[in-house]
Every structure is written in structure tokens, then in C-alpha cells.
Amino acid sequence: MRIILFGPPGVGKGTQAKLLSEKYKVKHISTGDILRAEIGDQTELGKKAKIILEAGQLVPDDIMIGIIKRVLSSNCCENGFILDGFPRTTAQAEALEKLFKELKLNLDAVIYLDVNEDEITKRLSNRYSCLNCGKIYNSEYDSIPDNVCPECGGTVYQRDDDKPHTVLSRLKVYRKSTEPVRLYYEKTGKLHVVDGIGTVEEVNNKIFSILER
Ligand code: AMP
């Protein structure tokens, strides 16, 4: 199972990718999580990425393509993977296609989660996640007493780039650089559009029914 989960920020890619990776027992590869780990470890890449993420901009293609090459070539992904947050530009999509050819891999599906911008802005401002297990919460519906994760006891926090002014930049960047990737995959016939409005379970069922076909 090799899938790309695609769509604007805050559309639910991370939540759905986690559920899919549990169901199909394949690796969840989130490029945002990889970058946040580098930032946490204060590596050279992390120091550069911190400034870019806080501005709501994209990390340069050559860096991101290098990261994906390393991850997909490692033995963590032999059973398959869910890509979440990559590709985000047409250049990344082209490099990924080339890499699939080199590694003799087949892309099964691209799931595009579709949610309108008003809902996205609301979701991002209510989004919290666990530093330890990565579970994502919505402060409107979920109760998180003392910011302690009900699943694992880790600390629940709000990402800096989910604050309102960064969200505006991220949406602008999405429209300019990432939306064209949708067209790229439309042409391959592998793109499935899923309405991302609804409960986590409802959206999950829609994705499963596409993948089971
Ligand atoms: P995410 O967790 O997927 O929302 O990603 C958070 C941030 O990491 C994005 O706003 C970008 O700054 C950066 N990022 C993640 N994936 C990529 C990518 N494929 N290309 C460029 N920047 C990325």
C-alpha cells in the first residue's frame, strides 16, 4: 500500500494518515513531523527549518527531496507507506515519480482531502497535538485537562505555525505552490477527491471505501 494524502493544511491529513498506517500496518511519513523533530534536536537543518516553518513558507525542494529519498530508500518502508505533507510542489511530485521508478515502486492512490478555507482556518486555530504520541486534538470537541494527552500522558501543545497570521501565509503558499500538484495527479488518474467535512470516522470510512475497491 503506497498512498499520498494530499490537501491544504489543517484538512485532517495527519489524523487520517495515522489511522491508515495503523490499519494497513505501513509507515506514516509526515515531512512536517520530520522537520519538527530536526527543530527539536536543534540540528543545522532544524535551525534553518524553524525560521521557514514559523513564517509559514516551504522548505526548499532540494532539502525535502533529499529527505524523502533517504526515508523511502531505507528498510522502514518495505511494507508500504502513507505520505503526508509530501509532495508540496510540482518539482517534488516530479522527483517523487522519478524516485518511484528508481526504486521500482508503484503508487496506489492519491487521496485529496477537500475542505473549504473558512473551516480550515477554524480547525487550525483549534488544533492541538501530543508531543509524545502525535495524536491530534480539536479543542472545540476534545477535553484535554491540564494539557495532558488522554492517550499516553504526554504534553499537548499548539503548534507555533497554527497561530492566525502564520495560517494566512500557509494558505497563500498552498494556493500558489501546492494546489498545482492536484492537477499533476489528476492527469495520472490516481487522484480521489474525498470530502473532508464530517467526523474523523466518517472521513476515514470514505477513504477506506476508496482504498478497498
Ligand atoms: P505540516 O506538518 O505537513 O503542516 O508541515 C509543517 C511545515 O513544514 C509546512 O508549513 C512547511 O513549512 C514544512 N514542510 C513540510 N513538508 C514540506 C514539504 N514537502 N516541502 C516544503 N516544506 C514542507
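See the structure printed just above.
Residues numbered from 1 in each chain as written. Predicted model: local features only at pLDDT ≥ 70, side-chain atom pairs only at ≥ 80, totals over all residues. Heavy atoms only, no water.

Participant: Could you give an account of the overall build of the chain, with specific residues and numbers?
Facilitator: Looking only at helices and strands, the chain features 8 helices and 8 strands. The C-alpha atoms of the chain give a radius of gyration of 16 Å, which matches the 17 Å a tight globule of 213 residues would have. With the C-alpha coordinates of the chain rotated into their principal frame, the extents come out at 50 × 40 × 35 Å. Counting all 213 residues of the chain, 44% fall into the buried class. Partitioning the intrachain contacts of the chain with sequence separation of at least 6 by distance along the chain shows that 71% fall at a separation of at least 24. (Helix = DSSP H or I, 4+ residues; strand = E, 2+ residues; numbered from the N terminus. Rg over C-alpha atoms; globule rule 2.2 N^0.38 Å. Buried < 20%, exposed > 50% of the residue type's maximum accessible area, 1.4 Å probe, protein only. Contact = heavy atoms within 4.5 Å.)

Participant: Go over the site of the ligand, please, and point to the residues and values.
Facilitator: As a structural note, the neighbourhood of the ligand is formed by 16 residues, with Thr31, Arg36, Gln57, Gly85 and Gln92 the closest of them. Taking glutamine 57, its main chain carries an N or O atom lying 2.5 Å from an oxygen atom of the ligand. Tallying contributions element by element places helix H2 (residues 31-40) first for the shell around the ligand, with 4 residues. (Near = heavy atom within 4 Å. Polar contact = N/O pair within 3.5 Å; in protein donor to acceptor, adjacent residues only side chain to side chain.)

Participant: Pulling in residues and values, what's your account of the sheet that holds strand S6 (residues 136-138)?
Facilitator: Spatially, S6-S5-S7 is the arrangement adopted by the 3 strands of the open sheet, whose pairing is antiparallel. Each edge of the sheet is formed by a strand with only one pairing partner; in this case those strands are S6 and strand S7 (156-157). Across 2 bridges, strand S5 (residues 127-130) lies against S7 in antiparallel orientation. Among the inter-strand pairings, serine 129 is bridged to a residue of S7, identified as tyrosine 157. (Pairing = 2+ DSSP bridges.)

Participant: Quick rundown of the packing of helix H4 (residues 61-73) against helix H5 (residues 90-103)? Include the residues and the values.
Facilitator: At their nearest, the axes of H4 and H5 sit 10 Å apart, and the two run at 25° to each other. As far as their axial angle goes, H5 and H4 are roughly parallel. Crossing of H4 against H5: the hand is right-handed. Seen from H4, the contacting residues are Asp61, Met64, Ile65, Ile68, Lys69, Leu72 and Ser73; seen from H5, they are Ala91, Gln92, Ala95, Leu96, Leu99, Phe100 and Leu103. Class assignment for the residues of the contact of H4 with H5 results in 10 nonpolar, 2 polar and 2 charged. (Axes fitted to C-alpha atoms, helices over the stretch in contact; angles between N-to-C directions. Parallel < 35°, antiparallel > 145°, perpendicular 65-115°, else oblique. Left-handed = near helix turned anticlockwise from the far one by under 90°. Nonpolar A, V, L, I, M, F, W, Y, C, P; charged D, E, K, R; others polar.)

Participant: A description of the packing of aromatic side chains should follow, citing residues and the corresponding values.
Facilitator: Across all of its chains, the model carries 4 aromatic pairs by this definition. Summarising the aromatic geometry, the rings of phenylalanine 6 and tyrosine 112 are spaced 5.5 Å apart at their centres and angled 50° between planes, so their arrangement reads as tilted. Residue phenylalanine 6 is located in strand S1 (residues 2-6), and its partner tyrosine 112 is located in strand S4 (residues 109-114); the two are separated by 106 residues in the primary sequence. Note on tyrosine 184 and tyrosine 185: the rings are 5.1 Å apart at their centroids and 85° apart in plane angle, and the pair reads as edge-to-face. Tyrosine 184 gets classed as buried once you look at its relative accessible area, which sits at 16%. (Phe/Tyr/Trp six-rings, centres within 6.5 Å; stacked < 30°, edge-to-face > 60°.)

Participant: Any chance you could break down the pattern of salt bridges for me, citing the residues and the numbers?
Facilitator: Scanning all chains against the criterion turns up 13 salt bridges. Of the charged contacts in the structure, one is a salt bridge between lysine 50 and glutamate 54, with a shortest N-O distance of 2.8 Å. Within this pair, lysine 50 and its partner glutamate 54 are both found in helix H3 (residues 44-54), separated by 4 residues, close to a single helical turn. Assessed through its relative accessible area of 37%, glutamate 54 is described here as partly exposed. In this structure, the salt-bridge partner of arginine 170 is aspartate 161, at a minimum N-O distance of 3.9 Å. Residue classification places arginine 170 among the buried positions, given a relative accessible area of 9%. (Salt bridge = Lys/Arg side-chain N within 4 Å of Asp/Glu carboxyl O.)

Participant: Before we move on, can you summarise the pairing of S5 with the specific residues and values?
Facilitator: Two elements, S5 and S6, share 3 bridges in a ladder whose sense is antiparallel. Of the residues in S6, the one forming a bridge with tyrosine 128 is tyrosine 137. Here S5 hands over to S6 after 5 residues, with glycine 134 in that stretch at a positive phi of 85°.

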